[in-house]
Amino acid sequence: MRAPLPDYEPQRLAELEKYRILDTDPEESYDRITRLAAHLFGVPIALVRLVDRERQWFKSSCGAGVRETHRDLAFCAYAIWGEGPLVVLDPETDERFRDNALVTGPVQIRFYVGMPLVMRSGQRLGTLCVIDTKRREAPSQEQLQVLGDLAAMVVELLEMRVVNQLVAEDRRRYEQMFTENPAPAWILNAETDEIVEANRAAETLYGYSAREWEGMQWRDLKAGQEEGRELHRKQDGKLIEVEVSSEALDLAEGRRRVVVGFDVTSRERALEELRESSKYIDRIHAAVPCIIYTFDLRRRRPLRISESAGGVLGHAPVMTPMLGMLIHKEDNARVDAHLMAFPQLKDGESVDLYYRLQHADGSWRWMLSRDTILERDENGNAAVVLGIATDVTERQEAAAALQVAKESAEAATRAKSEFLAAISHEIRTPLNGIIGLASVLGQTELTERQNQYVRALESSGEALLSLLNDLLDLSKIEAGRMELESRCFVPREVVEDAVSLLATTAEKKGLRLELELGWEMEEDCWGDSVRVRQILLN
């Protein structure tokens, strides 16, 4: 049967994890203890067992051919409950173990003594146990005392393991801080001030190699001292100002002093370059005819606005941080929607926004802002925006005037088309009457000359009707709705009709208009006969 779990099981497992001992390789220091325990009791098997969540794992195994078994088979699972040793002289009759496979199976445990491994925290992580496959007498008090001493030695090894791990981690952190420190650093012999070691930053700044540093005296490096700063001489003879801090350290090799130097000369040179760069940027900001700004998206307020904002909007510099108050109230919703677009914006992309700001003279100026992400927070979200706002009022006004002119031209075109359509309708009605009467008159008995006049009258009416249609076609062309008809007609008839209309005009000028047609003009054609007649008359 499986041993019940103690109430403190989660804490016990956490303590076991802290030692980082599970699944490590065998170690002679532990194996020596199990050999001594087996020899002391005269048994074939001695183990250092640690009880994990679902298994018992053997850090040391003397006489057993496995490194772990399931926790359901663990005698140790009961041993960690008690204060003292667990002694089992007859597991076959003990209700806790009589069905255990290690008792009924090939191993056939008949004797077990387990001494709990009690850590300094009070947690019991496992046991040091001895096992025999034969029944034995109860162990003596002296044997149990020695087994307890051996278990205490196992505990000391485990505790020392944690200490060694902490020491190793501290050493690694120290070495990392020393070796990879961007500032020059040295380890000195605290008694003699001899340089024991220098880091890479010291080698780079001073020009000495690692071998040249060894054995050098700290005083050999110093060339003087001014206002709490030391003057150091580099290998090339140049002097640099250095701020120095030091701390004593006790190591296995002896007392040491760790010294860290900060290159004041380079720092002040960098600060001066930064100041010059800042002045240069400020001059650019003041000179450009636009507003350059940075904006904090989390606090929704400007971080910095260029001095040129005063020139663009006419406000005193004290007003520039309050540009948000100058936005036209009708544009506030557009500005808010613009700010909500930045979470989807990728690096290098920009978004534009048109909005109005109030000038110092009370007028409203149209601004075009182009914004891009300048900084992101630790989670990768947009945090600071860089933007450039340009005054585009004149451009907006010109665009508005152009739109008005376009709409006026379109209105005039519509009015002309409506006029042409109306007047053509009013003229077409009586003209169709004239053409119709001429057609009826042509069907009566008339002389040849009268028939000629009737045909001319009818042809002239149709020409006038065609002229009206041309006016409508012009309006169609302007509207983009011009279409050609396709119907069957005889070319000879169209040509004769055009010549008949022109004959009277030719006679008035003393000319005679003759027409000669080939046989092909008698064949039917498909097309727009009205357009063909227009071409001939023109």
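Going by the structure above, here's the rest.
Remember, it's a predicted structure, so these values are computed and weren't measured experimentally. (Residues numbered from 1 in each chain as written. Predicted model: local features only at pLDDT ≥ 70, side-chain atom pairs only at ≥ 80, totals over all residues. Heavy atoms only, no water.)

J.: How would you explain the packing of aromatic side chains if you had to name every residue and give the values?
T.: Any aromatic ring pair is given by two values, namely how distant the centres are and how the planes are angled relative to each other. Enumeration according to the criterion identifies 8 aromatic pairs in this entry. Three or more aromatic residues joined by ring pairs form one cluster here, namely W186, Y206, Y208, W213 and W218. Taking the ring centre of Y78 as reference, the NZ or CZ of R96 above it sits at 5.6 Å. Positioned above the aromatic ring of F111, the side-chain terminus of R136 is 5.7 Å from the ring centre. (Phe/Tyr/Trp six-rings, centres within 6.5 Å; stacked < 30°, edge-to-face > 60°. Lys NZ or Arg CZ within 6 Å of the ring centre and 35° of its normal.)

J.: Tell me about the pattern of salt bridges, residues and numbers included.
T.: What the rule picks out here adds up to 27 salt bridges. The closest approach of N and O atoms between D23 and R55, which form a salt bridge, is 3.0 Å. Here D23, found in the loop between α1 (9–18) and α2 (28–41), pairs with R55, found in strand β2 (residues 55–62); they are 32 residues apart in sequence, far enough to count as distant. Residue R55 is classed as buried on the basis of its relative accessible area, which comes to 15%. If you follow the salt bridges from partner to partner, you end up with D23, D52, R55 and E68 in one network. (Salt bridge = Lys/Arg side-chain N within 4 Å of Asp/Glu carboxyl O. Helix = DSSP H or I, 4+ residues; strand = E, 2+ residues; numbered from the N terminus. Buried < 20%, exposed > 50% of the residue type's maximum accessible area, 1.4 Å probe, protein only.)

J.: I'd like a description of a nonpolar patch on the surface, backed by residues and values.
T.: A grouping of M160, V163 and V167 is seen on the molecular surface, where their side chains present a nonpolar patch of about 260 Å² in accessible area. Mapping V163 onto the fold places it in helix α5 (residues 141–179). (Patch = residues over 30% accessible without salt bridge, like charges linked within 9 Å, V, L, I, M, F, W, Y side chains within 5 Å. Areas by Shrake-Rupley, 256 points an atom, 1.4 Å probe, with all protein chains shown as cover.)

J.: Please provide a residue-by-residue account of the environment of E349, values included.
T.: Mapping E349 onto the fold places it in the loop between α11 (332–339) and β15 (350–358). The spacing of E349 and D371 is 22 residues in sequence and 8.6 Å in space, taken between C-alpha atoms. If we skip the residues at most four places from it in the chain, E349 touches D371 and T372. There is a polar contact of 3.1 Å between the side chain of E349 and the backbone nitrogen of K346. (Contact = heavy atoms within 4.5 Å. Polar contact = N/O pair within 3.5 Å; in protein donor to acceptor, adjacent residues only side chain to side chain.)

J.: Summarise the nonpolar core; cite the residues concerned and give the values.
T.: Nonpolar side chains tend to gather and get buried jointly when the protein is soluble and globular. By size, the foremost hydrophobic cluster in this structure holds 31 residues, and its most contacted members are I21, L50, L117, L128, V130 and L147. Counting residues per element, the ones that place at least two in this core are α2, β1 (45–51), β2, β5 (111–118), β6 (124–132) and α5. Here the element with the most residues in this core is α5; it accounts for 8 residues. Look past the residues within four positions of L128 in its chain and what remains in contact with it is I33, T34, L47, V48, V113, G114, M115, L117, L147, L150 and A151. (Core = buried A, V, L, I, M, F, W, Y, C linked by side-chain atoms within 4.5 Å.)

J.: Can you lay out the sheet that holds β15 for me, pointing to particular residues and giving the numbers?
T.: Read from one edge of the open sheet, 5 strands run β14-β13-β17-β16-β15, paired in antiparallel fashion. Of all the strands in the sheet, the pair left with one neighbour each is β14 (301–305) and β15. Sheet twist, expressed as the mean angle between neighbouring strand axes with direction ignored, is 30°. Of the strand pairs in this sheet, strand β13 (residues 290–296) and strand β17 (residues 382–391) are connected by 7 bridges, and their pairing is antiparallel. Bridge pairing in β17 links C290 to T390. (Pairing = 2+ DSSP bridges. Axes fitted to C-alpha atoms, helices over the stretch in contact; angles between N-to-C directions.)

J.: So what's going on with unusual backbone geometry? Residues and values would help.
T.: Positive phi, close to 55°, is recorded for Q108, a residue that is not glycine. Take Q108: it is sitting in the loop between α4 (101–104) and β5. In this structure, D193 takes a positive phi of about 60° despite not being glycine. Inspection of the secondary structure puts D193 in the loop between β7 (185–189) and β8 (195–198). The class for D193 is partly exposed, based on a relative accessible area of 27%.

J.: So, the pairing of β13: which residues are in play, and what are the values?
T.: Summarising burial for β13: 7 of the 7 residues are buried, a large majority. Bridge count for β13 against β14 is 4 bridges, and the pairing is antiparallel. In the sheet register, D296 faces β14, and the bridge partner there is R301. Linking β13 back to β14 in an antiparallel pair, the connection comprises 4 residues, with R300 at a positive phi of about 55°.

J.: Requested: an account of the side chain of R49, with residues and values cited.
T.: Of note, R49 is situated in strand β1. Buried charge without a partner: R49 forms no salt bridge, and the closest opposite charge is E68, 12 Å away. A distance of 3.3 Å separates polar atoms of two side chains, one belonging to R49 and the other to Q56. Residues in contact with R49, not counting those within four places in the same chain, are Q56, W57, F58, F75, C76, Y112, L117, L125, G126, T127, C129 and I131. (Lys, Arg positive; Asp, Glu negative; His and termini not counted.)

J.: Residue-level account of α2, with values.
T.: Across its 14 residues, α2 extends 20 Å between first and last C-alpha, which sits within 8% of the 20 Å expected from 1.5 Å per residue. Turning to α2, its buried residues number three or more, namely Y30, D31, I33, T34, A37, A38 and F41. For α2, the buried positions fall inside an angular range of 155° around the axis, keeping them on one side. In the segment just after α2, G42 is the residue with positive phi, at about 65°. (Expected span 1.5 Å × (residues − 1). Arc of directions from axis to C-beta.)

J.: Pulling in residues and values, what's your account of the environment of E394?
T.: Inspection of the secondary structure puts E394 in helix α12 (residues 393–442). Each C-alpha atom of the pair E394 and R365 lies 9.0 Å from the other, and the pair is 29 residues apart in sequence.

J.: Outline the sheet that holds strand β3 (residues 68–70), supporting the account with residue identities and numerical values.
T.: Pairing is antiparallel in the open sheet, where 6 strands are placed in the order β3-β2-β1-β6-β5-β4. Both edges of this open sheet fall to β3 and β4 (86–88), since each of them pairs with a single strand only. Averaged over all adjacent pairs, the angle separating strand axes in this sheet is 25°, with direction ignored. Here β4 pairs with β5 via 3 bridges, running antiparallel. Following the sheet pairing, V87 is matched in β5 by V113. Relative to the sheet, α2 contacts β1, β2 and β6, its axis offset from that of β2 by approximately 80°.

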